[in-house]
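Here are the chains, one letter per residue:
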Amino acid sequence: MYLPPHDPHVDDPMRFKPLFRIHLMERKCATVECMYGHKGPHNGHIQIVKKDEFSTKCNQTDHHRMSGGRQEEFRTWLREEWGRTLEDIFHEHMQELILMKFIYTSQYDNCLTYRRIYLPPSSPDDLIKPGLFKGTYGSHGLEIVMLSFHGKKAKGTKITGDPNIPAGQQTVEIDLAHPLQLPDIETLRDFSELSRIVLEVQEQVRREEQEEEQRQEEEDHSQQAASQPAAKPLGGEGAEGEETAAGAEGTTQNKAPASQPFVLPMGVISRNEDYPRTCRICFYGTGLIAGHGFTSPERTPGVFVLFDDDRFGFIWLELKSFSLYSRIKVSFQNAEAPSREAFDEMLKNIQSLAT
C-alpha cells in the first residue's frame, strides 16, 4: 500500500507498507501471508475476482490485535498514519474526524477488494501532464486525486476519500475556457476582492450555459419543423473537432511561460504555509463539498491556481480554505493509459471504488 506523506507535507515521497505476500512453491503451489498488524506474517488468502480485480482475506485476524486493546491500536495507527499523537491534536473536530477514519478503516482487517487504476491519457495540448497528486484536505489530512483533461475542462477525481466526499467523486472541476486575471499582490490579500472576481465569472458561466441551452432548443425546434434528417448536433464529429481545436489552442496559449506573484487572501485557511509565492495562471473552477456521509453535496465556486508542472492549488471560496496538490512521482510500471473515450467511460465507473 502506498500511503501519502504525513500532513501537510505534500512534497514528501509516498510511504510504502506491505499488506500481503505470496510464496510460489513447487508443483504450482503457493502460500499467501497477511502482513497487516504488528505480530509478523500470518495465514491469508487471495482470490482473483475478475479482470483487473482481486480480493484479499486474512485468516488470522487475531494477529492484528494488540495487548493494550483498541486504545493502543488507535494510538499506534495515529503515529503511523499522521505522524503525531492524540495529544498533539488540539482541534476537537479534527480528533472526531480522525477517530471516524480509524474506525472505518480498521473494521476491514485487511479483507479488501482491489481494482486497477487506469492513469488518464496525456495530450501535448494539456495544461500540464495529467496523473496522480497528493492534496491537503483540512482536518481530513492528505488525500490522493487524479487530474485528467477533457477538452475545455479539467477534473480532479478522488482516489482516496473521507467521511464527507468518498472516493470516485469529482472533488474539483476546472473551466479552462475561463482564466482569471488576479489583481496585484496587495489587492489579492483582500478576500472580498477575490470573491468579487470569482462570482462575476460564475455569473458569466451561468449566462453562457443558459444561452447554449436556449440555442440548442431553438435548433431542435427548427429541425423538427423542417421535417428533414437531423443535422449533426454541436457535439458531432465536425463541431467536436472545431471545439477541441479551439480549446487546445486556448490551453496552449495559456501554457506560455509566465509567472506572477501569488499570496493567499487574509482569512483563507491553509494547512501548508509553504505554498509557492508565484503562479503561472489561474482558472475559474468548482469544488465539491458535502456533509458527513456525502449528504447534501453541492458544487461551489473556487480558484484553480497552477504553480508549475508538478504543483497546483485550489481556493475553496465558500470554505475560505486552500488545498495544495503535489504530483506523485512513484513509477507505476503496470498502469496503462487508455484512449480518452475509454478513460471517460471508466471515470463514470470509478465511483464504485471503496473509500
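Just so it is clear, the model here is predicted, and its values are computed rather than measured. (Residues numbered from 1 in each chain as written. Predicted model: local features only at pLDDT ≥ 70, side-chain atom pairs only at ≥ 80, totals over all residues. Heavy atoms only, no water.)

**A few points about the pattern of salt bridges**
Our working rule: Any Lys or Arg side-chain nitrogen found within 4 Å of a carboxyl oxygen on Asp or Glu counts as a salt bridge. Each residue gets one of three labels from its accessible area relative to the maximum for its type: buried under 20%, exposed over 50%, partly exposed in between, using a 1.4 Å probe on protein chains only. Put simply, DSSP H or I for four residues or longer makes a helix, DSSP E for two residues or longer makes a strand, and each gets a number counted from the N terminus.
Taken as a whole, this structure holds 26 salt bridges when the rule is applied. The residue Lys-158 makes a salt bridge to Asp-162 at a minimum N-O spacing of 2.7 Å. Exposure remark for Asp-162: the relative accessible area of 9% places this residue in the buried category. Lys-329 is paired through a salt bridge with Asp-310; the nearest N and O atoms lie 3.4 Å apart. With Lys-329 in the loop between β18 (321-327) and α6 (340-349) and Asp-310 in the loop between β16 (295-308) and β17 (311-316), this residue pair connects regions lying 19 residues apart in the sequence. Judged by relative accessible area, which is 26%, Asp-310 ranks as partly exposed. If you follow the salt bridges from partner to partner, you end up with Arg-65, Arg-70, Glu-73 and Asp-109 in one network.

**As for the packing of aromatic side chains**
The line we're drawing: Note on aromatic contacts: the rings of Phe and Tyr and the six-membered ring of Trp form a pair at centre separations within 6.5 Å, being stacked when their planes are under 30 degrees apart, edge-to-face when over 60 apart, and tilted otherwise. Geometrically, a charge over a ring is one whose NZ (Lys) or CZ (Arg) sits within 6 Å of the ring centre while staying within 35 degrees of the ring normal.
Enumeration according to the criterion identifies 19 aromatic pairs in this entry. Between Phe-20 and Tyr-114, the ring centres sit 6.2 Å apart and the planes meet at 70 degrees, which makes this aromatic pair edge-to-face. Linking Phe-20 in strand β3 (residues 20-24) with Tyr-114 in strand β7 (residues 112-115), this pair joins segments that are 94 residues apart in sequence. For Tyr-114, a relative accessible area of 21% puts it in the partly exposed group. Feature note: the residues Phe-133, Tyr-137, Phe-283, Phe-304, Phe-312, Phe-314, Trp-316 and Tyr-325 constitute an aromatic cluster, connected by ring pairs. In this structure, Lys-158 packs its charged tip against the face of Tyr-137, placed 4.5 Å from the ring centre. Over the aromatic face of Tyr-275 sits the side chain of Arg-277, whose NZ or CZ is 3.7 Å from the ring centroid.

**Things to note about the pairing of strand β6 (residues 53-58)**
Quick reminder of the rule: Paired strands, as defined in this entry, are two strands with at least two bridges between them according to DSSP.
Sheet topology places strand β5 (residues 42-50) next to β6; six bridges connect them, and they run antiparallel. Along β6, the bridge assignment pairs His-45 with Lys-57. Between β5 and the antiparallel strand that follows it, β6, lie two residues; Asp-52 among them carries a positive phi value of about 65 degrees. Note: β6 against β7, four bridges, orientation antiparallel. When the sheet's bridge partners are listed, Phe-54 is paired in β7 with Tyr-114.

**Focus on the confidence of the model for the chain**
Low pLDDT means the predicted coordinates in that region are not meant to be read closely. Operational definition: The quantity known as pLDDT measures the predictor's confidence residue by residue, on a range of 0 to 100. Two residues form a contact once any of their heavy atoms are found within 4.5 Å.
Looking at the chain, pLDDT values average 84 and 84% of them are 70 or higher. Of the regions scoring below 50 in pLDDT, residues 351-355 engages in 13 contacts with residues more than four places distant in sequence or in other chains.

**As for the packing of helix α1 (residues 69-82) against helix α2 (residues 92-106)**
The condition that has to hold: Interaxial angle, 0 to 180 degrees, is taken between N-to-C directions of lines fitted to C-alpha atoms, where a helix line uses only the stretch in contact. Put simply, angles under 35 degrees are roughly parallel, angles over 145 are roughly antiparallel, angles from 65 to 115 are roughly perpendicular, and the rest are oblique. Residues were grouped as follows: Ala, Val, Leu, Ile, Met, Phe, Trp, Tyr, Cys and Pro as nonpolar; Asp, Glu, Lys and Arg as charged; and all remaining residues, including Gly, as polar.
At a minimum axis distance of 11 Å, the contact between α1 and α2 shows a crossing angle of 105 degrees. The angle between α1 and α2 places the two elements in the roughly perpendicular class. Across from Arg-70, Glu-73, Phe-74, Trp-77, Leu-78, Glu-81 and Trp-82 in α1, the residues of α2 making contact are Met-94, Ile-98, Leu-99, Lys-101, Phe-102, Thr-105 and Ser-106. Looking at the contact of α1 with α2 residue by residue, the class counts come to eight nonpolar, two polar and four charged.

**With respect to α2**
Selection rule: Here a helix's expected span is defined as the number of its residues, less one, multiplied by 1.5 Å. Note that the arc is defined by the directions from the helix axis to the C-beta atoms.
In this model α2 runs 21 Å from its N-terminal to its C-terminal C-alpha over 15 residues, within 8% of the 21 Å that 1.5 Å per residue would give. Listed as buried for α2 are Met-94, Leu-97, Ile-98, Phe-102 and Ser-106. One side of α2 carries all its buried residues, which in axial view fall inside an arc of 150 degrees. On its buried face, α2 sits against α1.

**Observations regarding the sheet that holds β5**
Hydrogen bonding along the main chain pairs the strands of a sheet, whether they run parallel or antiparallel. Taken in spatial order, the five strands make up an open sheet running β3-β4-β5-β6-β7, and their pairing is antiparallel. The two strands at the open ends of the sheet, each matched to only one other strand, are β3 and β7. Averaged over all neighbouring strand pairs, the angle between strand axes comes to 35 degrees, with direction disregarded. Inspection of the sheet shows strand β4 (residues 30-34) paired to β5 by two bridges, in the antiparallel sense. Note that in β5 the partner of Glu-33 across the bridge is Asn-43.

**Comments concerning the side chain of Asp-126**
Selection criterion: Polar contacts here mean pairs of N or O atoms no more than 3.5 Å apart (in protein, one a potential hydrogen donor and the other a potential acceptor; neighbouring residues in sequence count only if both atoms are side-chain atoms).
Structurally, Asp-126 is set in the loop between β7 and β8 (131-136). Exposure remark for Asp-126: the relative accessible area of 7% places this residue in the buried category. A polar contact of 2.8 Å, which involves the side chain of Asp-126, links it to the backbone nitrogen of Ser-123.

**Quick look at a negative patch on the surface**
How we decide: Each patch is assembled from residues with relative accessible area greater than 30% and no salt bridge, linking like charges that lie within 9 Å and nonpolar side chains (Val, Leu, Ile, Met, Phe, Trp, Tyr) that lie within 5 Å. For accessible areas, the Shrake-Rupley method is used with a probe of radius 1.4 Å. Any residue's cover is judged against the shown protein chains and nothing else. The positive count covers Lys and Arg only, the negative count covers Asp and Glu only, and His and the chain ends enter neither. For charged residues, the charge sits on one atom: NZ in Lys, CZ in Arg, CG in Asp, CD in Glu.
Together, Glu-208, Glu-209, Glu-211, Glu-213, Glu-217, Glu-218 and Asp-220 line one region of the surface with negative charge. If you trace the backbone, Glu-218 turns up in helix α4 (residues 191-226). A relative accessible area of 47% means that Glu-218 is categorised as partly exposed.

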